[in-house]
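# An overview of the molecular structure
Listed here are the chains, written in short residue letters.
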Amino acid sequence: MNSPCPSLPTVRTDRDSFQAIMAEQLHHAPWVLLSVVLHGLVIALLWLIPAASPSAEAVVATVVLPEAPAEFVEVPPPSEQVEPEPIDPEELIFAAEPSEQPTAVAESPAASFDETVDFAPVDLALATNVGLGGGTPARYGSRGLGKGRRGAFPGQANVEAGLRWLRDHQDADGRWDCDDFMKHDLAGTACDGAGDPLHDVGVTGLALLAFLGDGNTLRGGRDRDVVKRGVEWLREQQDHDTGCLGGQASQHFMYDHAIATLALCEAHGLSRYRSLRPCAQRAVDFLSAARNPYGAWRYQPRSGDNDVSITGWALMALVSAHEFGLAVDGRALADVDVYLDQMTDAQGRVGYVQRGGPSSRHVGEHEAAFPVDRNEAMTGVGLFCKVLLGHDARTDPRLQKQLAVLMRRKPAWEVGARGSSLDFYAWYYGSYAVYQVGEPHWSHWSNALTKAVIERQCREGNAAGSWDPVDAWGADGGRVYSTAILTLALQAYYRYARCIGGR
């Protein structure tokens, strides 16, 4: 009777060698030998073929937008800069600063207000438009363009002269003294033009931004030491508990804090100094905590009022902070975007504290001497901020209207019976806004700017390189303010690379 199960293989009782066993198996399965031989031939042929570089068409670039890095690693400066000499760690001015980034939002200065700020993540679609990438400073790639190519753009020699005056009037501790800068004029007639001493933090931030814009950092550049002293002084002014830079006694201290925060964020990111990171982060946290819920900023933290002017500086600081990997409240960017729309009228004019309203002036003689209809400062702020937030002035009808309003008030040095047209603040923001839009608008604006500014720069004595503080805000910021902000305006050619506004 046949068994239902197949026959089992015979158990070998002899002890053949391994080679004999393998030979027998290959004899019964010749396809195995064939497979081995064929694979060997293929490998040999591949070995003989030289490796070819992929064609340009075959390369696919994948852009990844990472979150803010947990660890900020110090690396050498960008390749386009001159490689600095190695720095002795004992010479670093921030050697004692902890390197870890604060991670707990509860430790931010938000605790000093009635509510705790709930940081929302930055929207990646918005970040793509703005050009943010958590530490990839593409927006800053053209810094120092004119340093090796003087004469490449109008005003480069004037920028150098302005920086020279600022360099000569910096205090030994790093501050720019708003009302007593003339103490550095040891021979000849001392400069005039004192400002309000309560704005030392703000004018120091503006001066630092001018040096950073010319390609200087904490690591390199002709004026590296100037930057180091200025940053160290700002760091010493920070309240460790709140993060505020400077005191809060002045009615307008939020201006000073926002400007100084922007300077610290740029110094931290462009220098790649992780030891400065906690200081910059605390300043950003205070700025975020001071914003009105679902709104923007005003003179006092969470006062319920908003204005476009302080909001412009605050937004620039937050954009710079995120660009260099600091934690930023993404909700603030979205809320400011909506707020700017609310402040823009049907003709494209952006108001200061009301929709399409006038710019700010002190009550009395000030508003008579500097009529608000001679400039469009807030429209310049609004247009530049909109571009930073990812809107394209080439295709967005709202921004095109803002541009038309702005172009009707190009810089002009006019003082007469109708009052003064001088508003360096308006010229600064207008320059950065129109540069982002591109041609042909930029050529018309820059020609007007350089004509007005270059012809009026002081050329003799201790004031050489500076500008007299004779504009709408000269009495507040003084000669340091006027020189720093006009130097910044002339740097519009290269301070920020054009992002999406035009080419």
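Residues numbered from 1 in each chain as written. Predicted model: local features only at pLDDT ≥ 70, side-chain atom pairs only at ≥ 80, totals over all residues. Heavy atoms only, no water.

### A word on the packing of helix α12 (residues 377-388) against helix α14 (residues 424-437)
Two measures define how a pair of helices packs: the angle their axes make with one another and the distance between the axes. At their nearest, the axes of α12 and α14 sit 8 Å apart, and the two run at 35 degrees to each other. Every pair of crossing elements has a handedness; the one defined by α12 and α14 is left-handed. For the pair α12 and α14, the contacting residues are Ala377, Met378, Gly380, Val381, Leu383, Phe384 and Val387 in the first and Tyr425, Ala426, Tyr429, Gly430, Tyr432, Ala433, Gln436 and Val437 in the second. (Axes fitted to C-alpha atoms, helices over the stretch in contact; angles between N-to-C directions. Helix = DSSP H or I, 4+ residues; strand = E, 2+ residues; numbered from the N terminus. Left-handed = near helix turned anticlockwise from the far one by under 90°. Contact = heavy atoms within 4.5 Å.)

### What about α14?
Between its terminal C-alpha atoms α14 stretches 20 Å, which fits the 20 Å expected from 14 residues at 1.5 Å a residue. For α14, the tally of buried residues reaches 14 of 14 residues, placing the bulk of the element in the interior. Positive backbone phi, approximately 95 degrees, marks Gly438, located one or two places after α14. (Expected span 1.5 Å × (residues − 1). Buried < 20%, exposed > 50% of the residue type's maximum accessible area, 1.4 Å probe, protein only.)

### Re the packing of aromatic side chains
One pass over the full model with this rule turns up 17 aromatic pairs. Centre to centre, the rings of Trp313 and Tyr429 are 5.5 Å apart; their planes meet at 65 degrees, and the pair counts as edge-to-face. Of the two residues, Trp313 sits in helix α9 (residues 308-323) while Tyr429 sits in helix α14, which places them 116 residues apart along the sequence. Given a relative accessible area of 2%, Trp313 falls into the buried group. Geometrically, the ring pair formed by Tyr432 and Tyr496 is edge-to-face, given 5.8 Å between the ring centres and 75 degrees between the ring planes. Of this pair, Tyr432 sits in helix α14 while Tyr496 sits in the segment after α16 (474-490); the two residues are 64 residues apart in sequence, bridging distant segments of the chain. Judged by its relative accessible area of 5%, Tyr496 falls in the buried class. Here a set of aromatic residues connected by ring pairs shows up, and it is made of Trp313, Phe384, Tyr425, Tyr428, Tyr429, Tyr432 and Tyr496. (Phe/Tyr/Trp six-rings, centres within 6.5 Å; stacked < 30°, edge-to-face > 60°.)

### Re unusual backbone geometry
In this structure, the amide linkage connecting Glu439 to the following residue, Pro440, adopts the cis form with an omega of 0 degrees. With respect to the helices and strands, the residue Pro440 is situated in the loop between α14 and α15 (441-454). Despite not being glycine, Arg272 shows a phi value in the positive range, around 60 degrees. Along the polypeptide, Arg272 turns up in the loop between α7 (253-271) and α8 (277-290). If you check the backbone angles, Arg302 has positive phi at about 50 degrees while not being a glycine.

### Quick word on the nonpolar core
Ranked by size, the top nonpolar core spans 122 residues in total, and within it Leu166, Trp176, Trp297, Trp313, Met316, Tyr425 and Trp427 carry the most contacts. Of the residues forming this core, the biggest block, 12 residues, is contributed by α7. (Core = buried A, V, L, I, M, F, W, Y, C linked by side-chain atoms within 4.5 Å.)

### Brief notes about the side chain of His391
Tracing the backbone shows His391 in the loop between α12 and α13 (397-407). By relative accessible area, His391 is classed as buried at 17%.

### Digging into the environment of Thr261
Topologically, Thr261 is positioned in helix α7. Overall, Thr261 belongs to the buried group, its relative accessible area being 0%. A C-alpha to C-alpha distance of 9.9 Å links Thr261 and Gly243, two positions 18 residues apart in sequence. Once you skip the residues sitting within four places of it in the chain, Thr261 turns out to touch Leu245, Ala283, Val284, Leu287 and Ala317.

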